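Chain by chain, the residues run as shown.
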2 protein chains.
Amino acid sequence: MPSPAPSRPLRILISNDDGIDSPGIRALADALRSIGHVDVVAPNTQQSAVGHALTVALPLRATEFERNGESFGWAVSGTPADSVKLAVKQLLPEPPDIVISGINHGRNAAVSLIYSGTVSAATEGTLLGIPSIAISLDDFSNDADFTYAAKVAAWIVPRIAARGLPRGVLINVNVPALPESEIRGIRVAPQGESYWDDHYEVRNDPMGRPYYWLKGHNVLLGPDGCDDKLITEGYVTITPVHYKLTDEPTLEAMRGWDLESDGGDLSSTAGSMQAGPMPE
Amino acid sequence: MPSPAPSRPLRILISNDDGIDSPGIRALADALRSIGHVDVVAPNTQQSAVGHALTVALPLRATEFERNGESFGWAVSGTPADSVKLAVKQLLPEPPDIVISGINHGRNAAVSLIYSGTVSAATEGTLLGIPSIAISLDDFSNDADFTYAAKVAAWIVPRIAARGLPRGVLINVNVPALPESEIRGIRVAPQGESYWDDHYEVRNDPMGRPYYWLKGHNVLLGPDGCDDKLITEGYVTITPVHYKLTDEPTLEAMRGWDLESDGGDLSSTAGSMQAGPMPE
């Protein structure tokens, strides 16, 4: 992924999953306008936990979104991935040098990467060949203070833009909900193994019919030095994320599972039903 | 992931992303009823390309779905991942031994894994600690013939149930749209690198306002022996998929990028702006 020519301002595309009207994207845009040309293209409504959804069955709309009487960006009737793809392929006169998604309300670490709409906007940027960053603040509350997280964004964007990133890799950044003086430091960290311990709360509607509402809390597993642990300890974390999804050890093991055969006849002996050794 | 006790029927949970009323899930359920106890819990509407979305801002509904006057399963007002999670955590009296998602209309290979709702149902099963399979037929048409793909499902389900799978790994199966006599064979194969070459078709509504519709075609990249190539050549492919998303080579490289520091002050020298060597 090439770096931009230094002679013109850095072109930065901002998106998110909390919606174009969220405080986090406003803080991000305000912080980045001082270091480059900013375009904001983001969902017109809150889109958390949408994963890497792309709208194919419906058309998309893009409406100019104003703030304080000035144009702030484009509001898209779709997901974070839709917003980035539509921006790059249709709305912007030229592709951005870098994509940054956020600032999300709430951390995106460990298993949450799979569900995260914030990360999926950066994933789409990466798939389009553009260096991309997701950034999240570890605070779900409505009055979250994005000041320091916005500083981190303005610090890392020109660095990643200058370096570039390997093809297919994005950067996932998490910032603790602490004042600058209490931040312990910045760490490059792998994805952790924490998960959500959740269940459905069953309620009945006024007609007596049940409905189910997901409720859960994060179980902090680590190991030490992983994103989730370090965020909790007060560190900003930077995690490179890829999408090479083949599990190589299992692939090797499965070649010995007698599953492969020639021709379409499944009644042959192909595919032992015996349990056998399993990769770690 | 433990194998079931052999003394009772295999408990199979079926879901999909095409919706509970689709021909593919019907063919799958019909084929698997002969080898175990089948529960069907699937979205009540088509949910393609939803990625790994989970509904958190709204409650879910589950309605019994009938076919030919008999109960076929539960229709859920959510995504594939919602359906599997709600089934396992709420609707079923005990967890299934195995989850299978499909049979999808259209292949799910290469980069499409990131967007696939079919795969995301299996991912949710895997996250819940249950051996899980996604299965897709390489045919988007409404009159697709699921006969052979259903046979493949009935062949692989007891084998994976007997073997179990490593923690965090699911199996992604793709079946060519060919009669059994023309199938070239079965192969364990890594995820390929094909991608979608797409753009937005711009149209105007009756009021003259633009809307954008995504349009694209798959670009077959390979390399040889990868899922997308082999499917096109007429092979059934079996791909083990994981979600360890840390890019280890970039993680190692980034430790040398001078990004790490102690304390929250970003004005120090942390984070060189120089371009440098990049991992492959």
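As shown above, the structure is provided for reference.
Analysis parameters
Starting afresh in each chain, residues are numbered from 1 along the sequence in its written order. As a convention, the first chain written is A and the first ligand written is 1, with the rest following in written order. It should be noted that, the model being predicted, local features are given only for residues of pLDDT at least 70 and side-chain atom pairs only at 80 or more, the latter also being counted only at that level, while totals for whole chains, interfaces and linings use all residues. For helices, the axis comes from a line fit to the C-alpha atoms of the stretch in contact; other axes are also lines fit to C-alpha atoms, and the angle between any two N-to-C directions lies between 0 and 180 degrees. A run of H or I in DSSP becomes a helix once it reaches four residues, and a run of E becomes a strand once it reaches two; helices and strands are each numbered from the N terminus. For classification purposes, angles smaller than 35 degrees are called roughly parallel, those larger than 145 roughly antiparallel, those between 65 and 115 roughly perpendicular, and all remaining angles oblique. Here is the rule for handedness: rotate from the far helix to the near one, and if that takes an anticlockwise turn smaller than a right angle the crossing is left-handed, while a clockwise turn gives right-handed. Working definition of a contact: two residues with C-beta atoms, positioned from the backbone, lying within 7 Å. Strands qualify as paired when DSSP identifies two bridges or more between them. For this overlay, a least-squares fit was computed on C-alpha atoms, restricted to residues scoring pLDDT of at least 70 in both copies.

### Considering the packing of helix H1 (residues 23–32) of chain B against helix H5 (residues 147–163) of chain B
All names here are of chain B. Where H1 contacts H5, the axes come no closer than 9 Å and their chain directions differ by 45 degrees. When the axis of H1 is compared with that of H5, the two are oblique. When you trace H1 past H5, the crossing you get is right-handed. Facing Ala27, Leu28, Asp30, Ala31 and Leu32 of H1, the residues of H5 in contact are Ala150, Lys151, Ala153, Ala154 and Val157.

### Some remarks on the sheet that holds strand E7 (residues 170–175) of chain B
In spatial order, the strands read E12(A)-E8(B)-E11(B)-E7(B)-E6(B)-E5(B)-E1(B)-E2(B)-E4(B)-E3(B); together these 10 strands make up an open sheet with mixed pairing. Here the strands that pair on one side only, and so sit at the sheet edges, are strand E12 (261–262) of chain A together with strand E3 (62–67) of chain B. Pairing of E3 of chain B with strand E4 (residues 70–76) of chain B involves 6 bridges; the strand directions are antiparallel. Bridge pairing in E4 of chain B links Ala62 of chain B to Val76 of chain B. Along the sheet, helix H2 (residues 80–91) of chain B contacts strand E1 (10–15), strand E2 (36–43), E3, E4 and strand E5 (98–105) of chain B; its crossing angle with E2 of chain B, the most-contacted strand, is approximately 130 degrees.

### Things to note about the relation of the copies chain B and chain A
Expressed as a screw operation, the relation of chain B to chain A combines 0.0 Å of axial shift with a rotation of 180 degrees, fitting to an RMSD of 0.0 Å. Both copies of the chain, as the preceding transformation shows, are related through a two-fold rotation axis. If distances are taken from each C-alpha of chain B to the rotation axis, the shortest is found for Gly51 of chain B, at 2.5 Å. Mapped onto chain A, 100% of the interface residues of chain B again fall at the interface, so both copies present the same surface.

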